[in-house]
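# Commentary on secondary and tertiary structure
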Amino acid sequence: MKLKLLAILLFSILFLAACSNSGMSGMDHGNMDMEENNTDEKEKIEGLQTTNATETLTGNEINIVAKKGKHQLNESVSVDALTFNGSVPGSQIRVKQGEKVKINLKNELDEPVSIHWHGIRVPNEMDGIPGVTQNAVQPGKSFTYEFTPEDPGTYMYHTHQNAVEQMDKGLYGSFIVEPKEKTYDRDYTLMLDEWMSKPEEGESSMEGMDHSNMGSEEDSDKEADSEDSSMSGMDHGSMESDSNDSMNGMGEMGHDMSAYDIFSINGKSGDSIEPLKVKEGEKVRIRLVNVGYMSHKIHLHGHDFKVAAIDGQELKQPKEIKDQVISIAPGERYDIEFTADNPGEWFIECHGDMEGTSGMKTKIQYENSSNSTDKSNQSEELPEFTFVNYGPSKQGEFSLDQKYDVEYKMDLNTAMNGSDMAYTINGETFPETDNINVKEGDLVKVTLTNNSMMDDHPMHLHGHFFQVLSKNGKPVEGSPIIKDTINLKPGDVYVVAFKADNPGNWLFHCHDLHHATAGMVNMVKYDGFKPSFTPDPNANNKPE
């Protein structure tokens, strides 16, 4: 009898806990003023710990744990996050140029994961792309990445497994390769992102996009016939849209991002963002890193500044500018430097008129000086920085009129696949897109054209840097611009060039990952390259 009563009691407790969980899941827990004991009990029921502050990791061996957490974005909104080492952003990794690093990833999530080292030239097997360079790391398993960062600068790391959802929940961090000699006294990293206070509304706004090319159990005929078996372990299906018919009725269709109503800096928004402390006379470097899916125009108040580096690559003799916004697209990084010569408090903020814009701002605060009359001017339209004629003219490695071994034209567009939107390269969606086939040592020129009517396309190349040669028919005239991500607004045409000097299979894709999962991906493939891993069809590999 006692056992029966005990069983009934236990069942009742479990039933009530389950009801409590489902009833709380759609609520904004940041607005709840509950007692501390109740909060602790809720966290035990949900199994989520509150995120901690981002730490900095150094040295030649680093441990990264992927796990869930409850993350507070501002005073009133918290979200269920995915984290590296329990924080959003994940731990900042700082390493020395030219020193080998070993990074151990442990997966404590209930779904597969990987890490991609965005912008860092790593061996192909270390690139972190499920189904292309490795199998996704399964729950409870580990994977070790080893590489030597040769290029100093600002980079990032993030998941590349179902990244359109996992990055959206915070699974990223910054990666700084420190130069042998520094040119600055104070160093800050600001990671820019967007969040949805009501994720269920965001999901409904994405329903018109076709993600079937990454989410089906079927492999395409193209993959089955391919001599490259590395694609056979990927979880995706084929999209067989007729690109000519699919464009009928396109009109002014674009990708709706209005559900992203909270903008953040380092995982915090509004008054929750920490100010940047400086001391008069210091040279200050601010590393601006866009890990979100929208471009953000950042304005530094009260100071002349230089754009010191773009995508981690230092510019030659950058000149001082003032009251210009730096437009940073998804996947891009801009380093700015200024001398702290104007004591007080000064905004560094996003300009624009979206709902989340006002939350993406913080202050430069001078030590022992709080006097300031500075005010936000986020709605003001200011000149936008352009790199096409920035700094003194200097010959780069490549030129428009030299001979190239491979020339490729990349037409980026938006199409319809039935009732869903698709994002195409030369009229096809991944994995049906045509690859850029190269041999080691080839000089490669790519002409990218954005024919989408409303969508920007920040195109990111893995494993290489490219030189930007021209924009909209006009040659780049200033300092040579070396990048790994280039943002094309509607109508833009860029010509870029690179040397095929890192054998492997490398993604070239849009870093608005909504576009990538809906088809805007192709690959740079080296002749004769064979992957070093065996694709596992049960790994649920989803490379975007």
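Scroll up a little and you will see the structure.
Since we're looking at a predicted model, the values are computed, not measured.

### Observations regarding the layout of surface pockets
Of the pockets and cavities examined, the second largest pocket occupies roughly 810 Å³. Counting only elements with at least two residues in the lining of the second largest pocket, the list comes to β14 (296-300) and β19 (345-351).

### Concerning the sheet that holds strand β1 (residues 56-57)
Spatially, the five strands line up as an open sheet ordered β1-β4-β9-β8-β6, and their pairing is mixed. Two strands bound the open sheet, and with one partner strand each, they are β1 and β6 (116-118). Strand direction decides the pairing type here: β1 and strand β4 (residues 92-96), joined by two bridges, are parallel. Bridge assignment links L57 to a residue of β4, and that residue is I93.

### Points about the nonpolar core
Ranked by size, the top nonpolar core spans 95 residues in total, and within it I286, V307, I364, F387, M410, I436 and M459 carry the most contacts. Once you skip the residues sitting within four places of it in the chain, I286 turns out to touch Y188, L190, L276, Y334, D335, I336, F338, I348 and I364. Formed by 27 residues, the second largest nonpolar core is a distinct cluster that contains I62, A66, I93 and L109.

### Examining a negative patch on the surface
A surface patch of like charges, here negative, comprises E280, D304, E320, D323, D341 and E380. Inspection of the secondary structure puts E380 in the loop between β20 (361-366) and β21 (406-417). By relative accessible area, which is 42% here, E380 ends up partly exposed.

### Looking at the packing of aromatic side chains
For the structure on display, the rule yields ten aromatic pairs. Note on W117 and Y145: the rings are 5.4 Å apart at their centroids and 75° apart in plane angle, and the pair reads as edge-to-face. Here the residue W117 occupies a position in strand β6, and Y145 occupies one in strand β7 (residues 142-147), the gap between them amounting to 28 residues. Each member of the pair, W117 together with Y145, is buried. Look at F147 and F175: their rings are 6.1 Å apart centre to centre, the planes differ by 35°, and that puts the pair in the tilted class. Taken together, the residues F147 in strand β7 and F175 in strand β9 (residues 172-178) connect sequence positions 28 residues apart. Since its relative accessible area comes to 0%, F175 is described here as buried. Put simply, the rings of F84, W117, F143, Y145, F147, Y157 and F175 touch in pairs and so form one group of aromatic residues.

### Description of unusual backbone geometry
For the peptide bond that leads from V88 to P89, omega is -5°, which places it in the cis range. You can see P89 is positioned in the loop between β3 (78-84) and β4. Omega for the peptide link from F430 to P431 comes to 10°, which places this bond in the cis form. With respect to the secondary-structure elements, P431 resides in the loop between β22 (420-425) and β23 (436-438). One non-glycine residue, N426, lies in the positive phi region at around 55°.

### Some points on the pattern of salt bridges
In a structure, side chains of opposite charge can pair up when their charged atoms sit close to one another. Per the counting criterion, the structure on display carries 25 salt bridges. Note that R287 is salt-bridged to D335, the shortest N-O span being 3.4 Å. Pair noted here: R287 is in strand β13 (residues 283-290) and D335 is in strand β18 (residues 333-339), with a separation of 48 residues, a long-range link. Residues R287 and D335 agree in their burial class; the two are buried.

### Considering the environment of R186
Along the chain, R186 falls in strand β10 (residues 186-195). The spatial distance from the C-alpha of R186 to the C-alpha of K277 is 8.9 Å, given a sequence separation of 91 residues. With sequence-adjacent residues up to four places away left out, R186 is seen in contact with K277, V278, K279, E282, K283, V284, R285 and E367. There is a polar contact of 3.5 Å between the side chain of R186 and the backbone oxygen of K277.

### Some details on the side chain of K70
Within the secondary structure, K70 is located in strand β2 (residues 61-72). Relative accessible area serves as the criterion here: at 9%, K70 is assigned to the buried category. A polar contact is formed between the side chain of K70 and the side chain of D80, at a distance of 2.5 Å.

### Some points on the sheet that holds β18
Spatially, six strands are ordered β11-β10-β13-β18-β15-β16 in an open sheet, and the strand pairing comes out mixed. Strands with a single pairing partner mark the edges of an open sheet, and in this sheet they are β11 (262-265) and β16 (313-314). Bridge count for β10 against β11 is four bridges, and the pairing is antiparallel. What sits directly across from W195, in β11, is I262.

### Some words on the pairing of strand β8 (residues 153-158)
Of all six residues making up β8, six are buried, and the element is well covered by its neighbours. Every second residue of β8 is oriented toward a common face, with G153, Y155 and Y157 on one face and T154, M156 and H158 on the other, all of them buried. Here β6 runs beside β8; their pairing, made up of three bridges, is antiparallel. Looking at β8, one finds that H118 is bridged to M156. Two elements, β8 and β9, share six bridges in a ladder whose sense is antiparallel. Residue pairing in the sheet places Y155 in a bridge with F175 of β9.

Definitions and limits used
Residues numbered from 1 in each chain as written. Predicted model: local features only at pLDDT ≥ 70, side-chain atom pairs only at ≥ 80, totals over all residues. Heavy atoms only, no water. 1 Å grid on protein atoms, 1.4 Å probe; cavity = no way out; pocket = protein on both sides within 12 Å on 5 of 7 lines; lining within 4 Å. Points joined across faces, edges and corners; volume = space filled by probe spheres on them. Helix = DSSP H or I, 4+ residues; strand = E, 2+ residues; numbered from the N terminus. Pairing = 2+ DSSP bridges. Core = buried A, V, L, I, M, F, W, Y, C linked by side-chain atoms within 4.5 Å. Buried < 20%, exposed > 50% of the residue type's maximum accessible area, 1.4 Å probe, protein only. Contact = heavy atoms within 4.5 Å. Patch = residues over 30% accessible without salt bridge, like charges linked within 9 Å, V, L, I, M, F, W, Y side chains within 5 Å. Areas by Shrake-Rupley, 256 points an atom, 1.4 Å probe, with all protein chains shown as cover. Salt bridge = Lys/Arg side-chain N within 4 Å of Asp/Glu carboxyl O. Lys, Arg positive; Asp, Glu negative; His and termini not counted. Charge placed at Lys NZ, Arg CZ, Asp CG, Glu CD. Phe/Tyr/Trp six-rings, centres within 6.5 Å; stacked < 30°, edge-to-face > 60°. Polar contact = N/O pair within 3.5 Å; in protein donor to acceptor, adjacent residues only side chain to side chain.

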